[in-house]
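# Structural features, examined
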Amino acid sequence: MDVALILGLRVVGKPVVLRDDEPFTDIEKEYGAVLWKRKITVASLQSRLDALGGVVNDDFVRAFILFTFGTFLFPNANGKVNSRYLSFLKNLDDFCHYAWGAAVVDDIVNWLNKRKETNIQYVGGCLIFLQIWSYEHINIARPALRNSCLTFPRICQWDNSGSYDRNWFTTKFKDLQDHQVIWKLQPTSGELEIDLVKELMEEQYGDNLRSKSQVMEKQVVRVKIDSGRSIRKHESDTSIVNEVYMVQETDSEQPKVLENAPGTVTRTMDFPSTSGCMSNTHKEQMELASVPLNFSSNFTAVDGDDPRTRIRILEEQNMELKTEMDNLRRENVLLKDRLMLSSQLEEQNVELKKELEDLRRENQSLCLSSNNLVLRLERLLLDEDGNAAEET
């Protein structure tokens, strides 16, 4: 689930397996690989992309995917990509059917095992995934969330992190508390609408997911039926609430929700529990418990009047306004820079004009001097000619 939510890659699908007995193909040769060394350099892929320019064809897509593999998803120390990946790119329509998220996780695990067993100095793989994974699970050196409308995948939500000393990290991990750890990521309501997340939920929970959704439908119907009745006694009201709770299926693996715990990431947690339930049982109980005992309004009206919903809407509007203010500040700074630049250019223009006038004056004086010199030379020549005539 983590790689699906963080990187937005499929986990369910055809497995990505690089077989040693994979036949060497012409397309590998075209990309610069050879039979005895089936590798493609990242530099050659970048040159290939530059040569293609703005042309977007199958060759561009294959080169770009391989470049992404070599620099982001499957990087290594030698700056090369396994040419066997091209076997998955022959038919680009089938590319999305492979479980690339699972392949990324397997690659990272292999690198970590190498590091542990052979004590290599370099660790390859998608290290940015490990970094975001730590942000999502552990509240140590966690940066702020971006004010962005792009919420999926989660890698796009986090801002840049500051630099910290290694000893600082060691101390923080030694003092790590349970409330600083999110043990299991859960998809939000918006993420549950993403196809690859839906696919993964169905793969993990299957029939249990459908049975839980049927229980939810029964709960809603029961509450709506009971809300239309006029009940005056407190005992009757309590029995109806208890009857609604009895319809719910309890989940022994349901994790406790840490509300307002220091260091936790605040998100809208209307997502399934760890057992695959389509609704958060704890949240349903809190919402039902907040319904007035006379049940004068139906179940859907409670959601619409929920103050938490209004607070969340206001927070979203507040974030949008902050984003607009930041954009206006940036534009203001750009305009100031342009004004300063224009004033500097004007000053430079005035100085250049002065220099031009000075050069013109110098040019005129040089012209006058040259003219005087020519006249003097002519006079000297004439005088010499006259003296020579007199001597003869």
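Above: the structure in question.
Residues numbered from 1 in each chain as written. Predicted model: local features only at pLDDT ≥ 70, side-chain atom pairs only at ≥ 80, totals over all residues. Heavy atoms only, no water.

## Overview of the overall build of the chain
Each helix and strand in the chain was counted, giving 13 helices and two strands. Relative to its 392 residues, the chain shows a buried fraction of 30%. Restricting to contacts in the chain with at least 6 residues of sequence separation, those with at least 24 account for 69%. Counting only carbon and sulfur atoms, one obtains 54% of the accessible surface of the chain, whose full area is about 26,300 Å². (Helix = DSSP H or I, 4+ residues; strand = E, 2+ residues; numbered from the N terminus. Buried < 20%, exposed > 50% of the residue type's maximum accessible area, 1.4 Å probe, protein only. Contact = heavy atoms within 4.5 Å. Areas by Shrake-Rupley, 256 points an atom, 1.4 Å probe, with all protein chains shown as cover.)

## Here we look at the nonpolar core
Within the largest apolar cluster, 45 residues are counted, with the highest numbers of intra-cluster contacts made by Leu 66 and Phe 69. At the level of secondary structure, the elements contributing two or more residues to this core comprise helix H1 (2–7), helix H3 (42–52), helix H4 (58–73), helix H5 (100–118), helix H6 (127–137) and helix H8 (195–205). (Core = buried A, V, L, I, M, F, W, Y, C linked by side-chain atoms within 4.5 Å.)

## A short note on unusual backbone geometry
A positive phi angle, close to 55°, is found at Ala 141, a residue other than glycine. Considering the arrangement of structural elements, one finds Ala 141 in the loop between H6 and helix H7 (166–174).

## Things to note about a nonpolar patch on the surface
A cluster of nonpolar side chains, contributed by Leu 373, Leu 377 and Leu 380, occupies part of the molecular surface with about 290 Å² of accessible area. One can find Leu 380 in helix H13 (residues 307–391). (Patch = residues over 30% accessible without salt bridge, like charges linked within 9 Å, V, L, I, M, F, W, Y side chains within 5 Å. Salt bridge = Lys/Arg side-chain N within 4 Å of Asp/Glu carboxyl O.)

## Examining the environment of Lys 90
Of note, Lys 90 is situated in the loop between strand S2 (80–82) and H5. Judged by relative accessible area, which is 48%, Lys 90 ranks as partly exposed. Separated by 28 residues in the primary sequence, Lys 90 and Arg 62 place their C-alpha atoms 8.7 Å from one another.

## Describing the side chain of Glu 22
Locating Glu 22 in the fold gives a position in the loop between H1 and helix H2 (26–30). Among the residues examined, Glu 22 registers a relative accessible area of 13% and is labelled buried. With near-sequence residues (within four places) excluded, Glu 22 lies in contact with Arg 38, Arg 84 and Ser 87.

## What to know about H8
One turn of an α-helix holds 3.6 residues; hence residues three or four places apart share an orientation. Taken together, the buried positions of H8 are occupied by Leu 196, Val 197, Leu 200, Met 201 and Tyr 205. Across the axial projection of H8, the buried residues extend over an arc of 140°, all falling on one side. Of the exposed residues in H8, those oriented more than 90 degrees away from the buried face are Asp 195, Glu 202 and Glu 203. (Arc of directions from axis to C-beta.)

## Notes on the side chain of Glu 136
Residue position: Glu 136 is located in helix H6. Among the residues examined, Glu 136 registers a relative accessible area of 0% and is labelled buried. A polar atom in the side chain of Glu 136 sits 3.1 Å from the side chain of Arg 154. (Polar contact = N/O pair within 3.5 Å; in protein donor to acceptor, adjacent residues only side chain to side chain.)

## Concerning a negative patch on the surface
On the surface, Glu 315, Glu 316, Glu 320 and Glu 324 cluster together to form a negatively charged patch. Structurally, Glu 324 can be placed in helix H13. (Lys, Arg positive; Asp, Glu negative; His and termini not counted. Charge placed at Lys NZ, Arg CZ, Asp CG, Glu CD.)

## Some thoughts on the pattern of salt bridges
Applying the stated rule across the entire model yields 13 salt bridges. Between Glu 28 and Arg 38 there is a salt bridge; the shortest N-O distance is 2.8 Å. Remark: Arg 38 occurs in the loop between H2 and strand S1 (39–41) and Glu 28 occurs in helix H2; sequence separation between them is ten residues. The exposure class of Glu 28 is buried, given its relative accessible area of 2%. Note that Glu 30 is salt-bridged to Arg 48, the shortest N-O span being 3.0 Å. With a gap of 18 residues between them, Glu 30 in helix H2 and Arg 48 in helix H3 connect regions that are remote in the sequence. Within this structure, Arg 19, Asp 21 and Glu 22 form a network of salt bridges that share partners.

## Concerning the environment of Ala 4
By the element assignment, Ala 4 lies in helix H1. Each C-alpha atom, one on Ala 4 and one on Leu 200, is 8.5 Å from the other, the two residues being 196 residues apart in sequence. Apart from the residues lying within four places of it in its own chain, the contact partners of Ala 4 are Leu 9, Val 11, Phe 152, Leu 196 and Leu 200.

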